[in-house]
Amino acid sequence: MADDPSTFRARAAAEQANADAAALDNVRERCERAAKAWTEMADRAERTQAQRHAREAASVAAREAVVAE
């Protein structure tokens, strides 16, 4: 599975829809827990992507600074 936040958010939305449609309390609670977990994975993936982009930008800037000298 790719670490794609949009995939995780789609899964969270699907689980929330399942929770909203559930007639049984235990099924609703399970789906809500799953939706929360998928949302947390999406948040984590977004943070990871942002950190990766920042590291890559810093690396490029450092290389350019060395070349400019």
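Everything numeric in this text was worked out from a predicted model, so none of it was measured.

Analysis parameters
- Along each chain, the written sequence defines residue order, and numbers are assigned to residues from 1.
- Residues qualify for local features only when their pLDDT is at least 70, as the model is predicted, and side-chain atom pairs are given and counted only at 80 or more; totals for whole chains, interfaces and linings, by contrast, use all residues.
- Where side-chain values are given, they derive from all heavy atoms of the structure, hydrogens and water being excluded.
- Under the scheme used here, helices are H or I runs from DSSP no shorter than 4 residues and strands are E runs no shorter than 2 residues, and both carry numbers assigned from the N terminus.
- Note that the radius of gyration is over C-alpha atoms, with the globule rule given as 2.2 Å times the number of residues to the power 0.38.
- Every residue pair with non-hydrogen atoms within 4.5 Å of one another is taken to be in contact.
- Each accessible area is a Shrake-Rupley result for a 1.4 Å probe, and residues are judged covered by the shown protein chains and nothing else.
- Asp and Glu count as negative and Lys and Arg as positive, but His and the ends of the chain are not part of the count.
- Charged groups are reduced to one reference atom each: NZ for lysine, CZ for arginine, CG for aspartic acid, CD for glutamic acid.
- Fitted lines through C-alpha atoms serve as axes, helices being fitted only where they are in contact, and the angles separating the N-to-C directions of these axes extend from 0 to 180 degrees.
- Should an angle lie under 35 degrees it is considered roughly parallel, over 145 roughly antiparallel, and from 65 to 115 roughly perpendicular; all remaining angles are considered oblique.
- Definitions for this section: a left-handed crossing has its near helix turned counterclockwise from the far helix by less than a right angle. A right-handed crossing has that turn clockwise.
- Under the scheme applied here, ten amino acids are nonpolar (Ala, Val, Leu, Ile, Met, Phe, Trp, Tyr, Cys and Pro), four are charged (Asp, Glu, Lys and Arg), and all others, including Gly, are polar.
- Buried residues of nine kinds, namely Ala, Val, Leu, Ile, Met, Phe, Trp, Tyr and Cys, make up a nonpolar core once their side-chain atoms join them within 4.5 Å.
- Partly exposed residues are those whose accessible area sits between 20% and 50% of the maximum for their type, while under 20% is buried and over 50% is exposed, using a 1.4 Å probe and protein chains only.
- To estimate how far a helix should reach, multiply one less than its number of residues by 1.5 Å.

### Let's talk about the overall build of the protein
Inference 1: Helix and strand content of the protein: two helices and zero strands.
Inference 2: For 69 residues, the compact-globule formula gives about 11 Å, and the C-alpha radius of gyration of the protein, at 19 Å, lies well above that figure.
Inference 3: Counting only C-alpha atoms and orienting by the principal axes, one finds that the protein spans roughly 70 × 15 × 15 Å.
Inference 4: For the protein, contacts bridging at least 24 residues in sequence account for 56% of all contacts bridging at least 6.
Inference 5: Here the protein has roughly 5100 Å² of accessible surface; of this, 54% comes from carbon and sulfur atoms.
Inference 6: Across the protein, 11 positive and 13 negative side-chain charges occur, with their mean positions spaced 4 Å apart.

### Section: the packing of helix 1 (residues 5-21) against helix 2 (residues 25-68)
Inference 1: Closest axis-to-axis distance for the helix 1/helix 2 pair is 8 Å, and the angle between their directions is 165 degrees. In terms of axis orientation, helix 1 runs roughly antiparallel to helix 2. Note on packing geometry: the crossing formed by helix 1 with helix 2 is left-handed.
Inference 2: Along the lines of polarity and charge, the residues of the contact of helix 1 with helix 2 split into 11 nonpolar, four polar and seven charged.

### Thoughts on the environment of Glu32
Inference 1: Mapping Glu32 onto the fold places it in helix 2.
Inference 2: For the pair Glu32 and Ala17, spaced 15 residues apart in the sequence, the C-alpha separation amounts to 9.2 Å.
Inference 3: Leave out the neighbours within four places in its chain, and Glu32 touches Gln16 and Ala19.

### Some thoughts on the nonpolar core
Considering soluble globular proteins, one finds that nonpolar side chains tend to be buried as a cluster.
Inference 1: Counting residues in hydrophobic clusters, the biggest one holds five residues: Phe8, Ala12, Trp38, Ala42 and Ala45.
Inference 2: When contributions to this core are tallied by element, the ones reaching two or more residues are helix 1 and helix 2.
Inference 3: In terms of residue count, helix 2 provides more of this core than any other element does, three residues in total.
Inference 4: If we ignore the near neighbours within four places in the chain, the residues touching Ala12 are Ala35, Trp38 and Thr39.

### What about helix 2?
Owing to its 3.6 residues per turn, the α-helix brings residues three or four apart onto one side.
Inference 1: Here helix 2 is 44 residues long and its end C-alpha atoms lie 64 Å apart, about the 64 Å a rise of 1.5 Å per residue gives.
Inference 2: Every buried residue of helix 2 is accounted for by Cys31, Ala35, Trp38, Ala42 and Ala45.
Inference 3: Those residues of helix 2 that are buried are in contact with helix 1.

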